[in-house]
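Descriptive structure summary
As a plain string of letters, each chain reads:
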Amino acid sequence: RWAQLALSGRIREADLAIRIVGEDEGLAFNRHYRGRDQATNVLSFPAERPPGLPKNAKFPLLGDLVLCAPVVASEAAEQGKPLAAHYAHLTVHGCLHLLGWDHDDDADAQAMEQLEREILAGLGIDDPYR
């Protein structure tokens with residue numbers, strides 16, 4: 001439901017894999033793909049469009065999200081958030097990355113965070129950045 005709400009109105013139809021991993025696997029993913037020597041809460045892997053596929057052809061694979069359960073649980077506890085609300089936020093955040101949103105600069109970060117707030121409010125979840 002979290003992913004569906006994040007994607008609704010933004011993409012018609014797509015497949016998305018969400019994988020929940022332990023700390024060792026989360027560390028291995030983050031080390032391999034981002035060169036960082038620690039597990040992180042969520043990683044987004046957008047699907048690559050196959051070469052030669054016409055631009056107007058439907059491409060049903062959106063990508064993959066990897067959520068590291070121990071990191072998510074630790075962050076939720078540290079931030080005093082319900083665990084389900086933190087999972088919802090990170091799922092929405094990851095889905096937006098798959099759609100091309102990013103937070104590389106302040107303006108992009110503010111726009112992405114505002115969209116996250118609006119999506120989460122639709123789920124009855126408080127502002128995750130408060």
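Relevant structure appears above.
These notes cover the structure that comes with them. In this convention, every chain numbers its residues from 1, walking through the sequence in written order. With pLDDT at 70 or above as the cut-off, local features in this predicted model cover only qualifying residues; side-chain atom pairs require 80 or more to be listed or tallied, and sums for whole chains, interfaces and linings still use all residues. As a rule here, side-chain values come from all non-hydrogen atoms in the structure, and water together with hydrogens is ignored.

1. Notes on the pattern of salt bridges
The term salt bridge refers to a side-chain nitrogen of Lys or Arg lying within 4 Å of a carboxyl oxygen of Asp or Glu. For the structure on display, the rule yields 5 salt bridges. A salt bridge links Asp127 to Arg117, with the nearest nitrogen and oxygen atoms 2.9 Å apart. With Asp127 in the segment after α5 (106-121) and Arg117 in helix α5, this residue pair connects regions lying 10 residues apart in the sequence. For the exposure calls, accessible area comes from a 1.4 Å probe over protein chains only, and a residue counts as buried if that area is under 20% of its type's maximum, exposed if over 50%, partly exposed in between. Judged by its relative accessible area of 27%, Asp127 falls in the partly exposed class. When its relative accessible area of 23% is taken as the criterion, Arg117 is described as partly exposed. A salt bridge links Asp126 to Arg130, with the nearest nitrogen and oxygen atoms 3.9 Å apart. Counted as one network, the salt bridges with shared partners bring together Glu113, Arg117 and Asp127. Note on conventions: DSSP H or I runs of at least 4 residues are helices, E runs of at least 2 residues are strands, and numbering of each starts at the N terminus.

2. Focus on the sheet that holds strand β1 (residues 15-21)
Spatial ordering of the open sheet is given by β1-β3-β2, a layout of 3 strands whose pairing is mixed. Each of the sheet's edge strands pairs with one partner strand only, and the pair in question is β1 and β2 (42-46). On average, adjacent strands in this sheet sit at an angle of 15° to one another, irrespective of strand direction. Note that β2 and strand β3 (residues 61-68) share 5 bridges and pair antiparallel. Bridging from a neighbouring strand, Leu43 pairs with Val66 of β3. Throughout, a residue-residue contact means that at least one pair of heavy atoms, one from each residue, lies within 4.5 Å. Here the axes come from fitting lines to C-alpha atoms, over the contacting stretch only for helices, and the angles between their N-to-C directions go from 0 to 180 degrees. In this fold helix α3 (residues 69-79) packs onto β1 and β3, with an angle of close to 65° to the strand it touches most, β3. A pair of strands is treated as paired once DSSP finds two or more bridges between them.

3. Section: the nonpolar core
We define the nonpolar core as a collection of buried residues of types Ala, Val, Leu, Ile, Met, Phe, Trp, Tyr and Cys that are connected through side-chain atoms lying within 4.5 Å of one another. Within the largest apolar cluster, 17 residues are counted, with the highest numbers of intra-cluster contacts made by Ala6, Val92, Cys95, Leu96, Ile119, Leu120 and Ile125. Looking at this core, the element that brings in the most residues is helix α4 (residues 83-98), giving 6 residues. Discounting residues that sit within four places of it in the chain, Leu96 has contacts with Ala6, Arg10, Trp101, Met112, Leu115, Glu116 and Ile119. Counting 8 residues, the second largest nonpolar core, distinct from the first, contains Val21, Phe29, Phe45 and Val66.

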